[in-house]
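Reading the structure
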Amino acid sequence: MTRHVKNILFIMCDQLRFDYLSCAGHPTLQTRNIDALAARGVRFTRAYVQSPVCGASRMSFYTGRYVSSHGASWNGFPLKVGEMAMGDYLRPLGLQTVLVGKTHMEPDVEGMERLGIDPQSIIGVRVSECGFDPYERDDGLHGIGPDGRYDPRRPRYNAYLNEKGYAGDNPWHDYANAADGEGNALASGWAMRHARKPARVAEEDSETPYMTRRAMDFMREAGERPWCLHLSYIKPHWPYIAPAPYNDMYGPDDVIPAVKSESERADPHPVYRAFMDHLVGRNFSREEVRREVIPVYMGLIRQIDDQLGHLFGFMQERGLLHNTLIVFTSDHGDYLGDHWLGEKDLFHEPSVKIPLIVVDPSPDADAARGSVCDALVESIDLLPTFLDCLGADPAGQSHRLEGRSLLPWLRGDTASGWRDFAFSEYDYSMLPAAARLGVAPRDARLFMAADTRWKYVHAIGFRPMLFDMQSDPDEFRDLGADPAYAAERARLAAALSEWGLRMSQRTTVSEQRILAARGKSQRRGILIGVFDEDDVPAELWTAYRGDG
């Protein structure tokens, strides 16, 4: 059977660490379906997100652009109207570009109003959804507090749960993300002490199986039309709670010791100290919290793996595996107590590095199947890769796309002139750390430049951070103030400066168009600098000679 890329299945987990897969070396968490995917494709070991927070990271995945280029630098910061996103590149190639799950996209409502774009129109919906057609959008963040709902949209999933007999206005919380407490009380998943209790929802009705079935529904309906399906799971993101049997599939004995050192707390960088003092950092620094939460985090990953087994079996039955490019990744990691931190946010490996597996179904990729690639890869590389695999030249979009195609690596080749540095950015202006440090919103930003050995972090208003990942792979020793490493810091600062001066906003005119138009204005009658007619060819005077 001839194999070629017709479809794209772009699977993203939320807050999945790079090392919580058995193919990446986890000692007790078995992910056999993800491992099988890696055996069919290429697993990238040094893939970095462009920002270690959901919204900003995803906007870089979807636009193929760095955060300072697209501007949506935090959750809820709108992606401005006019930014081309995944569907804008793939739809002209004939692919339906569809979302099932999360994007954390916030539409530029003011921009749409200014331009007269009806948000309910096809264009308006696509502008609001990162270029996707939302088969089912669900960010899985349906909290309700004193000031109302975090997400004002009531998800279809809540209606589904109601139809299945789960009562109430927000069964997402009351059943899928809560357990039974004492008496008639709920044990909310927001309180991590309840993590290992079984969620009140039947496993088949929990979020991960539900979204997997919705992906299958789309594939059934798509028929023979080519598609790109972004299946974006909300888990293993908090609330850390799982349905039986995944809530107690793993136990405290499966918890890997935290990667942390007392030396990190002796005299930390001021920004790092402020993040350690966040509530989530203080709690995840306690071993009883890690023993309660991490087994459930592992169970949620195992559930994703089991559901992917069902999905891949479904695709096999329908003859879709032989012509579908499959990507498995995450939007960022999770500290889980490493470095005295919880959540994500900073640039240690557990936060900024992600799992990335790519399966190219074409025969040209056979030589690379099951291989591991250690090249520096960025999340913005996926969109150029999609174009390349579909036969479109991503170089023609290089004035917009800032990533590079991974296709050479997928075909067992070495990409010429590959990048020497990976870059990431973080805007912490919305967090307590910024207030604690007295940093103005415009200055509450961090920048990372990493090569194959060194990781450098520029913090506006503070000294830099520096880690030698060769001699100190756990990133315990910050060399940012050590005089012995001044030359290394200068080298990496120069690389960051050069990256910061890149051409990133000339998105309406390509390099090819500039080269084609260079010097052509004279042939359209613009004769600047001429003193005598003989200074330029006579033919340029054709329209200016008159009849005399």
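All of the points below concern the structure found in this document. These numbers come from a predicted model, not from an experiment. (Residues numbered from 1 in each chain as written. Predicted model: local features only at pLDDT ≥ 70, side-chain atom pairs only at ≥ 80, totals over all residues. Heavy atoms only, no water.)

**Thoughts on the overall build of the protein**
Within the protein, the regular secondary structure consists of 18 helices and 17 strands. Burial analysis of the protein (548 residues in total) assigns 57% to the buried set. For the protein, restricting intrachain contacts to residue pairs at least 6 apart in sequence, the fraction spanning at least 24 positions comes to 72%. Of the roughly 22,900 Å² that the protein leaves accessible, carbon and sulfur atoms contribute 51%. In the protein, which carries 62 positive and 78 negative side-chain charges, the distance between the mean positions of the two groups comes to 1 Å. (Helix = DSSP H or I, 4+ residues; strand = E, 2+ residues; numbered from the N terminus. Buried < 20%, exposed > 50% of the residue type's maximum accessible area, 1.4 Å probe, protein only. Contact = heavy atoms within 4.5 Å. Areas by Shrake-Rupley, 256 points an atom, 1.4 Å probe, with all protein chains shown as cover. Lys, Arg positive; Asp, Glu negative; His and termini not counted. Charge placed at Lys NZ, Arg CZ, Asp CG, Glu CD.)

**Thoughts on the sheet that holds strand β17 (residues 465–468)**
Here we have four strands laid out as an open sheet, ordered β14-β15-β16-β17, and antiparallel in their pairing. Edge positions in the sheet fall to β14 (422–427) and β17, since each of these pairs with one other strand and no more. Sheet twist, expressed as the mean angle between neighbouring strand axes with direction ignored, is 15°. Where β14 and strand β15 (residues 445–450) come together, six bridges link them in antiparallel fashion. Along β15, the bridge assignment pairs Ala422 with Ala450. Strands in contact with helix α17 (residues 486–500) are β14, β15, β16 (454–459) and β17; relative to β16, the strand with the most contacts, it is inclined by about 65°. (Pairing = 2+ DSSP bridges. Axes fitted to C-alpha atoms, helices over the stretch in contact; angles between N-to-C directions.)

**Thoughts on the packing of helix α9 (residues 207–222) against helix α12 (residues 287–317)**
Two elements in contact, α9 and α12, have axes whose closest approach is 9 Å; the angle formed by their N-to-C orientations is 15°. Taken together, the axis directions place α9 and α12 in an arrangement best described as roughly parallel. As for how α9 packs across α12, the hand of that crossing is right-handed. On α12, the residues that touch Thr208, Pro209, Thr212, Met216, Met219 and Arg220 of α9 are Gln303, Ile304, Gln307, His310, Leu311, Phe314 and Met315. Its residues assigned to classes, the contact of α9 with α12 comprises seven nonpolar, five polar and one charged. (Parallel < 35°, antiparallel > 145°, perpendicular 65-115°, else oblique. Left-handed = near helix turned anticlockwise from the far one by under 90°. Nonpolar A, V, L, I, M, F, W, Y, C, P; charged D, E, K, R; others polar.)

**Details of the environment of Gln397**
If you trace the backbone, Gln397 turns up in the loop between α14 (382–389) and α15 (407–410). In this structure Gln397 comes out as partly exposed when scored by relative accessible area, which is 21%. In the structure, Gln397 is positioned 115 residues away from Gln512 in sequence and 9.5 Å away in space, judged by C-alpha atoms. Non-local contacts of Gln397, meaning those with residues more than four positions away in its chain, are made with Tyr89 and Leu387.

**Some thoughts on the pattern of salt bridges**
Pairing is possible between side chains that carry opposite charge, provided their charged atoms lie close to one another. One pass over the full model with this rule turns up 46 salt bridges. Here Asp169 ties to Arg149 by a salt bridge, and the two come within 2.4 Å at their closest N and O atoms. Separated by 20 residues along the polypeptide, Asp169 in the loop between α7 (156–163) and α8 (171–176) and Arg149 in strand β6 (residues 148–149) bring together distant segments of the chain. Residue classification places Asp169 among the partly exposed positions, given a relative accessible area of 46%. Looking at Arg149, the relative accessible area reads 28%, which means it is partly exposed. Residue Asp169 is joined to Arg154 by a salt bridge in which the shortest nitrogen-to-oxygen separation is 3.7 Å. Taken as a pair, Asp169 in the loop between α7 and α8 and Arg154 in the loop between β6 and α7 lie far apart in primary sequence, 15 residues in all. Classification of Arg154 by relative accessible area gives partly exposed; the value is 38%. (Salt bridge = Lys/Arg side-chain N within 4 Å of Asp/Glu carboxyl O.)

**Concerning helix α1 (residues 32–40)**
Within α1, burial applies to Asn33, Ile34, Leu37 and Ala38. For α1, the buried positions fall inside an angular range of 150° around the axis, keeping them on one side. Along α1, the residues that are exposed and aim more than 90 degrees away from the buried face are Arg32 and Ala39. For α1, the elements touching its buried residues are β2 (42–48), α12, β10 (324–330) and β11 (353–359). (Arc of directions from axis to C-beta.)

**Focus on the side chain of Arg502**
Summarising the element assignment, Arg502 is placed in the loop between α17 and α18 (511–517). Of note is the side chain of Arg502, whose polar atom sits 2.8 Å from the side chain of Glu402. Beyond its immediate stretch of four places on either side in the chain, Arg502 contacts Tyr66, Ser68, Ser69 and Glu402. (Polar contact = N/O pair within 3.5 Å; in protein donor to acceptor, adjacent residues only side chain to side chain.)

**Focus on the nonpolar core**
Counting 78 residues, the largest nonpolar core has Phe10, Phe44, Phe386 and Tyr428 as its most contacted members. Apart from the residues within four sequence positions on either side, Phe10 is in contact with Phe61, Tyr62, Met86, Leu229, His230, Leu231, Val327, Thr329, Leu382 and Phe386. Listed in part, the 63 residues of the second largest apolar core include Ala38, Tyr246, Tyr297 and Ile301. (Core = buried A, V, L, I, M, F, W, Y, C linked by side-chain atoms within 4.5 Å.)

**What about the pairing of β11?**
With seven of seven residues buried, β11 lies mostly within the body of the structure. Strand direction decides the pairing type here: β10 and β11, joined by four bridges, are antiparallel. Following the sheet pairing, Thr329 is matched in β11 by Leu356.

**Some words on α17**
Under the 1.5 Å per step criterion, the end-to-end length of α17 is 21 Å for 15 residues, consistent within 8% with the ideal 21 Å. Restricting attention to buried positions, one finds in α17 the residues Glu488, Arg489, Leu492, Ala495, Leu496 and Trp499. Taken down its axis, α17 places every buried residue within 125° of arc, on the same side. Turned more than 90 degrees away from the buried face of α17, the exposed residues are Ala487 and Glu498. (Expected span 1.5 Å × (residues − 1).)

**Focus: the packing of α7 against α9**
Where α7 contacts α9, the two axes come as close as 12 Å, and the packing angle between them is 105°. Considered as vectors, α7 and α9 are oriented roughly perpendicular to each other. Listed contacts from α9 to Arg156, Tyr157 and Tyr160 of α7 are Glu207, Tyr210, Arg213 and Arg214. In the contact of α7 with α9, the residues fall into three nonpolar, no polar and four charged.

**What to know about the packing of aromatic side chains**
Per the stated rule, a full pass over the model turns up 24 aromatic pairs. Residues Phe421 and Phe423 carry aromatic rings whose centres are separated by 6.2 Å and whose planes lie at 35° to one another, so their mutual orientation is tilted. Note on Phe421: relative accessible area 18%, which makes it buried. By the ring-pair criterion, three or more aromatic residues cluster together here, those being Tyr66, Phe421, Phe423, Phe447 and Trp499. Its end group placed over the ring of Phe18, Lys353 keeps NZ or CZ at 4.2 Å from the ring centre. (Phe/Tyr/Trp six-rings, centres within 6.5 Å; stacked < 30°, edge-to-face > 60°. Lys NZ or Arg CZ within 6 Å of the ring centre and 35° of its normal.)

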